[in-house]
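Structural overview for review
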Amino acid sequence: MAETVIGKSITIDGEISGNEPVIVEGCVKGKISLQSSVVIANGAVVEADINTEEIEISGHVTGNIVASDRVEIKADGKMVGDIKSPRILIADGAGFKGHIDMDVD
Amino acid sequence: MTTIGPNIKVEGQISGDEDLTIYGRVDGTITINANVIVAENGQVHGTLIAKEVIVIGHVQGTINASSLLVLEQSARVVADIETASLRMEAGAQLSGDVIMDLDGEVPTRPQKKSSPQTKPAPKATPKPAPKATPKPEPEPSADEDEYEEIDDLNELTVKELRELCQDYDLSTKGTKAQLIKRLEESE
């Protein structure tokens, strides 16, 4: 019933944690730590370290991402920071600057 | 419309100008230029500033609702509240100070503050009072003073004692000791 959405005009300065999906349309500064999925929507600005299972980026992210399952940067997405995840998708047109670690043995 | 889900915890500051519904937990400061709903099982620990606030869950800290605060039946609030209007359902629990802006129509507050200032004035008056009282004691002849002390009655003459007894509607017969005893008992 209650999916977590951080709306366009909302700014969160601090830490978001939990185990259900989060959609960010606004601004988050600090840290996101979820045992679930994160969607950074188009227009969102995130300056945070993100630790999650799955993340989809259509907005701007500055920070390091650790995803246990998958990272996807969509065509509108811009990402500055390091990514550590076993599966990484970067769409045509997406912006990315940073280091990728897919933990290949 | 922003929602904090039931399994989400936010620590820090949330600000913005759109409606916010909290099913989960927020520790910190919420400053929203719109309405905030703390839903059932939702928890806010800290400061909550918004236009209209509806509490169904728990709030601990401070609530500042510029237009309206509603505490629903299951609300559990331990907070200092400042609001223009408050609605509380039966069953809601509230502990804390409530301040409502009443446009200066409350005269009681200024009076309470001024009362400690008037106290120093009575403190000054008791000093002259003891000085005044010793003076009548060596003058037992004055009719007004004689009733008080037993010693005074012994100092009076039988005639004066009889006059006293008349004043008290007592019998004027008997010895001086009997008159004094009667006067003492009448007192």
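Details of the structure are given in the entry above.
**Some points on the overall build of chain A**
Along its length, chain A carries zero helices and 13 strands. Its helices and strands taken in sequence order, chain A reads β-β-β-β-β-β-β-β-β-β-β-β-β from the N to the C terminus. The proportion of buried residues among the 105 residues of chain A is 35%.

**Quick word on helix α6 (residues 176-186) of chain B**
All names here are of chain B. Along α6, the residues that are buried comprise Leu179, Ile180 and Leu183. Taken around the axis of α6, the buried residues stretch over an arc of 95°, which confines them to a single face. Opposite the buried face of α6, by more than 90 degrees, sit the exposed residues Ala177, Glu184 and Glu185.

**Some thoughts on the environment of A:Glu53**
All names here are of chain A. Examined against the element boundaries, Glu53 turns out to sit in strand β6 (residues 45-57). For the pair Glu53 and Ser33, spaced 20 residues apart in the sequence, the C-alpha separation amounts to 9.5 Å. Not counting the four nearest positions on each side in its chain, Glu53 is found in contact with Gln35, Ser36, Ser37, Ala67, Ser68 and Asp69.

**Section: the nonpolar core**
The biggest cluster of nonpolar side chains holds 57 residues, and the ones touching the most others in it are A:Val24, A:Val28, B:Ile22, B:Val36, B:Val38, B:Val53 and B:Val55. The element best represented in this core is strand β6 (residues 43-55) of chain B, accounting for six residues. Contacts of B:Ile22, omitting those with residues within four sequence positions, involve B:Ile4, B:Ile37, B:Val38, B:Ala39, B:Gly42 and B:Val44. In this structure, B:Leu153, B:Leu161, B:Leu164 and B:Cys165 belong to the second largest nonpolar core, which totals seven residues.

**As for the interface of chain A and chain B**
Each side of the interface is counted separately: chain A has 21 residues, and chain B has 21 residues. Elements that contribute at least two residues to the side of chain A that touches chain B include exactly β1 (4-6) and β2 (11-18) of chain A. Tallying contributions element by element places β2(A) first for the side of chain A that touches chain B, with eight residues. Split by residue class, the side of chain A that touches chain B holds seven nonpolar, ten polar and four charged.

**With respect to the pairing of strand β8 (residues 76-83) of chain B**
Residue and element names in this part refer to chain B. Burial along β8 is one-sided: the residues Val77, Ala79, Ile81 and Thr83 are buried and none of Arg76, Val78, Asp80 and Glu82 is. Where strand β7 (residues 58-71) meets β8, eight bridges bridge the pair, whose relative direction is parallel. Its bridge partner being in β8, Val59 is matched across the sheet by Val77. Note: β8 against strand β10 (residues 93-95), three bridges, orientation parallel. Residue pairing in the sheet places Val78 in a bridge with Ser95 of β10. As defined by bridge partners, β8 adjoins strand β11 (residues 98-100) across three bridges and the pair is classed as parallel. Note on β11: the bridge partner recorded for Ile81 is Val98.

The rules behind each value
- Residues numbered from 1 in each chain as written.
- Chains lettered and ligands numbered in written order.
- Predicted model: local features only at pLDDT ≥ 70, side-chain atom pairs only at ≥ 80, totals over all residues.
- Helix = DSSP H or I, 4+ residues; strand = E, 2+ residues; numbered from the N terminus.
- Buried ≥ 20, exposed ≤ 12 C-beta atoms within 10 Å, placed from the backbone.
- Arc of directions from axis to C-beta.
- Contact = placed C-beta atoms within 7 Å.
- Core = buried A, V, L, I, M, F, W, Y, C linked by C-beta atoms within 7 Å.
- Nonpolar A, V, L, I, M, F, W, Y, C, P; charged D, E, K, R; others polar.
- Pairing = 2+ DSSP bridges.

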